[in-house]
Amino acid sequence: MSPAENRPLVSVITVVFNGAQHLQTAIDAIAAQTYPRIQHIVIDGASTDGTVSIIEGNQSRLAYWKSEPDKGLYDAMNKGLDLVTDPETYVLFANADD
């Protein structure tokens, strides 16, 4: 196992709704991190402003994404948490406009 594989996984969850204005910057910032084991998960609340197009254009940089109606911010956050299966994963939330 390489030294990078021995490090814990970091899951960054971005929840967004109609955040096209800021989402690309958030994706770029997470992709620019030098830590070797980051997975980026994006949960979108069925945006109508071009957010989904930005997500689709960045699929290769994302571990997972979903766009569907939700019941608000905390519902979206929980959807992201449900995708983290490794109990030793560090979980961070980075909203689209952070």
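Since the structure is predicted, the reported quantities are computational estimates derived from the model, not experimental observations.

A. Quick peek at the sheet that holds strand E1 (residues 10-16). Taken in spatial order, the 4 strands line up as E3-E2-E1-E4 in an open sheet, and their pairing is parallel. The sheet is open, and its two borders are formed by strand E3 (64-67) and strand E4 (90-93), each paired with just one other strand. Along the sheet, successive strands turn relative to each other by an average axial angle of 15°, direction set aside. Of the strands in this sheet, E1, strand E2 (38-44) and E4 touch helix H3 (residues 73-82), which is tilted by about 150° from E1.

B. Examining H3 more closely. Every buried residue of H3 is listed here: Ala76, Met77, Lys79 and Gly80. Along the long axis of H3, the arc covered by the buried residues comes to 155°, so they all point the same way. Among the exposed residues of H3, those oriented more than 90 degrees off its buried face are Tyr74 and Asp82.

C. How the structure looks around the nonpolar core. Membership of the largest hydrophobic core is limited to 9 residues, which are Val16, Ala20, Leu23, Ile27, Val42, Ile54, Ile55, Leu62 and Ala96. When neighbours within four sequence positions are excluded, Ile54 is seen to be in contact with Ala20, Leu23, Gln24 and Ile27.

D. View of a nonpolar patch on the surface. A contiguous nonpolar patch, built from Leu81, Val91 and Phe93 and spanning about 200 Å² of accessible area, is present on the exposed surface. In this fold, Val91 is placed in strand E4. Assessed through its relative accessible area of 30%, Val91 is described here as partly exposed.

Calculation criteria
Residues numbered from 1 in each chain as written. Predicted model: local features only at pLDDT ≥ 70, side-chain atom pairs only at ≥ 80, totals over all residues. Heavy atoms only, no water. Pairing = 2+ DSSP bridges. Helix = DSSP H or I, 4+ residues; strand = E, 2+ residues; numbered from the N terminus. Axes fitted to C-alpha atoms, helices over the stretch in contact; angles between N-to-C directions. Contact = heavy atoms within 4.5 Å. Buried < 20%, exposed > 50% of the residue type's maximum accessible area, 1.4 Å probe, protein only. Arc of directions from axis to C-beta. Core = buried A, V, L, I, M, F, W, Y, C linked by side-chain atoms within 4.5 Å. Patch = residues over 30% accessible without salt bridge, like charges linked within 9 Å, V, L, I, M, F, W, Y side chains within 5 Å. Areas by Shrake-Rupley, 256 points an atom, 1.4 Å probe, with all protein chains shown as cover. Salt bridge = Lys/Arg side-chain N within 4 Å of Asp/Glu carboxyl O.

These figures capture arrangement, not role.
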